[in-house]
Amino acid sequence: MADAKVIPFGEDRPRRRGGGARGARAVDAVAAPAQPPGPSRESGPVGLPSPVEESVEAPAGRAGGAGEWDRRIAGGLAFLRRRITGEYEVDEFGYDKELTDQVLMSLMRPLFDKYFRVEVKGVENIPKEGGALIVANHSGTLPLDGLMLQVAVHDHHPAERHLRLLAADLVFMLPGVNELARKAGHTLACAEDAQRLLEAGELVGVMPEGFKGIGKPFGERYKLQRFGRGGFVSTALRAGTPIVPCSIVGAEEIYPMIGNAKTLARLLGLPYFPLTPTFPWLGPLGAVPLPTKWTIQFGEPIPTDGYAAEAAEDPMLMFNLTDEVRERIQHTLYKLLVQRRSVFF
């Protein structure tokens, strides 16, 4: 029986059952030879790895298109075999790079490219290597902005970097959502996990507004809520990594929240229960987001490596840096809104 290989940061260890301490699971079945995962971007249909992953020569005389499909099918079968036999790698947080590249990103790209038609600016401000903390505004009633931010970083950055999002406790309490979130690289929004990821050279994404931002009424759109006590700044200072402000325009209008059924939210254990022009009046159809036009802009990074080690304990410095990040994001939001000609086009 074969298990997924757990790859802790900075060292190699023997394979362990269960995908690491964070709960990722690998499927056991009859062992088969492991195949190395293919490149991330040149992928075929959903769930099928890159044609170059499994090199299969087309029969003599067959058209090039048929040979291409042969290679894709062979790559897809190899991908499925690795999933069944557990011959794939996850890190100790449960992140499954192969599944994210070949399946989850492929599922999100149509929404990113065709539905929201996301325009990405300033991606050159994200470091080509090493850790960095990306701080963004949060909105939209449902956290689709986090997923679109993840696609924007991976598909538009020259190094095709992966963004590890810090998510609220509620995400990891929902059956099914918990497993997918961990496999996509998300982890609990706590300082310890964030610092370990940053020190390991990962890109970490945080949306400090939390539920206050994502659940705010439509009348307060694009007005940033409080950024908490600056815990994200303290984490970046301890890791010595830059902070990259990020502004997202377009997400506020996908579910215009005109009301909040607070009593129902308390009964369901939710931070809010949104009432929109279409939900819950149209049933499941009301859960379809409006096809707004999005812009994601990354600002100039704020360096933190010049501060002393004890700077992370200075409350006044925390306040000043937090306020600077918030002001930069808010200023860019206003600038993008002035430039926007239409919500949908």
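The shown structure was predicted, so the numbers you read here are calculated from the model rather than taken from an experiment.

Right, let's get into the overall build of the protein chain. The number of helices and strands found in the protein chain is nine helices and eleven strands. Relative to its full complement of 345 residues, the protein chain shows a buried share of 49%. Taking the intrachain contacts of the protein chain between residues at least 6 apart in sequence as the baseline, contacts between residues at least 24 apart amount to 76%. Surface exposure of the protein chain reaches about 16,700 Å², of which carbon and sulfur atoms provide 59%.

On to the nonpolar core. Ranked by size, the top nonpolar core spans 30 residues in total, and within it Ile134, Leu149, Cys246, Ile248, Trp294, Ile296 and Phe298 carry the most contacts. Take this core: its biggest share by element is six residues, from helix H3 (residues 144-156). In terms of nonpolar packing, the next biggest core, distinct from the first, is built from 29 residues, Ala236, Leu237, Leu321 and Leu336 among them.

It is the contact of helix H2 (residues 97-115) with H3, at a shortest axis distance of 10 Å, that shows an interaxial angle of 105 degrees. In terms of axis orientation, H2 runs roughly perpendicular to H3. Together, Asp101, Met105, Met108, Arg109, Leu111 and Phe112 of H2 and Leu147, Met148, Gln150, Val151, Ala152, His154, Asp155 and His156 of H3 make up the contact between the two elements. Grouping the amino acids of the contact of H2 with H3 by side-chain chemistry returns eight nonpolar, three polar and three charged.

The next point concerns the environment of Ser247. Take Ser247: it is sitting in strand E8 (residues 243-249). Here the alpha-carbon distance between Ser247 and His331, two residues 84 residues apart in the chain, equals 9.0 Å. Reaching out from Ser247, the side chain makes a polar contact with the backbone oxygen of Ile329 at a distance of 3.1 Å.

Right, let's get into the sheet that holds strand E7 (residues 203-206). One open sheet holds the seven strands; their spatial order is E3-E11-E8-E4-E7-E5-E6, and the pairing between them is mixed. Both outer strands of the open sheet, strand E3 (119-121) and strand E6 (187-188), are each paired with one neighbouring strand and no more. With four bridges connecting them, strand E4 (residues 132-136) and E8 associate as parallel partners. Across the sheet, Ala136 pairs through a bridge with Cys246, a residue of E8.

Per the stated rule, a full pass over the model turns up 16 salt bridges. In this structure, the salt-bridge partner of Arg164 is Asp91, at a minimum N-O distance of 3.0 Å. One end of the pair, Arg164, is in strand E5 (residues 163-167); the other, Asp91, is in the loop between strand E2 (89-90) and H2, with 73 residues separating them in the sequence. You'll find Arg164 and Asp91 in the same group, each marked buried. Members of the salt-bridge network, linked through shared partners, are Arg82, Arg83, Asp96 and Glu98.

This next bit is on unusual backbone geometry. The step from Phe279 to Pro280 runs through a cis peptide bond, and the omega angle for that step is 5 degrees. Locating Pro280 in the fold gives a position in the loop between strand E10 (274-275) and strand E11 (295-298). Backbone geometry places Arg117, a non-glycine residue, at a positive phi of 50 degrees. The phi torsion at Tyr222 lies on the positive side, around 65 degrees, for a residue other than glycine. You can see Tyr222 is positioned in the loop between helix H6 (210-214) and helix H7 (231-239).

In this structure the tally under the stated criterion is four aromatic pairs. Each ring, one from Tyr115 and one from Phe116, has its centre 5.2 Å from the other, and the planes form 75 degrees; the classification is edge-to-face. Ring plane angle 75 degrees and centroid distance 6.1 Å describe the contact between Phe227 and Phe232, whose orientation is recorded as edge-to-face. In this structure, Phe227 and Phe232 share a single accessibility class: buried. Ring pairing ties together the aromatic residues Tyr115, Phe116 and Trp294, which thus form one cluster.

Side chains of Trp69, Ile73, Leu77, Leu80 and Ile84 sit close together on the surface and give an oily, nonpolar patch of about 520 Å² of accessible area. Looking at where Leu80 falls in the secondary structure, it is placed in helix H1 (residues 64-85).

What follows concerns the environment of His331. Counting through the fold element by element, His331 comes out in helix H9 (residues 315-339). By relative accessible area, which is 55% here, His331 ends up exposed.

This part is about the confidence of the model for the protein chain. Summarising the model, the protein chain shows a mean pLDDT of 83, and 81% of its residues fall at 70 or more. Across the protein chain, E11 holds the top mean pLDDT of 98, while strand E1 (residues 5-6) sits lowest at 61. Confidence drops under a pLDDT of 50 for residues 10-63, and excluding neighbours within four residues, the segment shows 126 contacts in the predicted structure.

With that out of the way, let us pick up the pairing of E4. For E4, a buried count of five out of five residues is recorded, marking the element as mostly surrounded by other parts of the structure. Here E4 shows a buried face lined by Ala132, Ile134 and Ala136 and a second buried face lined by Leu133 and Val135.

Reading the values: the criteria
Residues numbered from 1 in each chain as written. Predicted model: local features only at pLDDT ≥ 70, side-chain atom pairs only at ≥ 80, totals over all residues. Heavy atoms only, no water. Helix = DSSP H or I, 4+ residues; strand = E, 2+ residues; numbered from the N terminus. Buried < 20%, exposed > 50% of the residue type's maximum accessible area, 1.4 Å probe, protein only. Contact = heavy atoms within 4.5 Å. Areas by Shrake-Rupley, 256 points an atom, 1.4 Å probe, with all protein chains shown as cover. Core = buried A, V, L, I, M, F, W, Y, C linked by side-chain atoms within 4.5 Å. Axes fitted to C-alpha atoms, helices over the stretch in contact; angles between N-to-C directions. Parallel < 35°, antiparallel > 145°, perpendicular 65-115°, else oblique. Nonpolar A, V, L, I, M, F, W, Y, C, P; charged D, E, K, R; others polar. Polar contact = N/O pair within 3.5 Å; in protein donor to acceptor, adjacent residues only side chain to side chain. Pairing = 2+ DSSP bridges. Salt bridge = Lys/Arg side-chain N within 4 Å of Asp/Glu carboxyl O. Phe/Tyr/Trp six-rings, centres within 6.5 Å; stacked < 30°, edge-to-face > 60°. Patch = residues over 30% accessible without salt bridge, like charges linked within 9 Å, V, L, I, M, F, W, Y side chains within 5 Å. pLDDT = per-residue confidence, 0-100.

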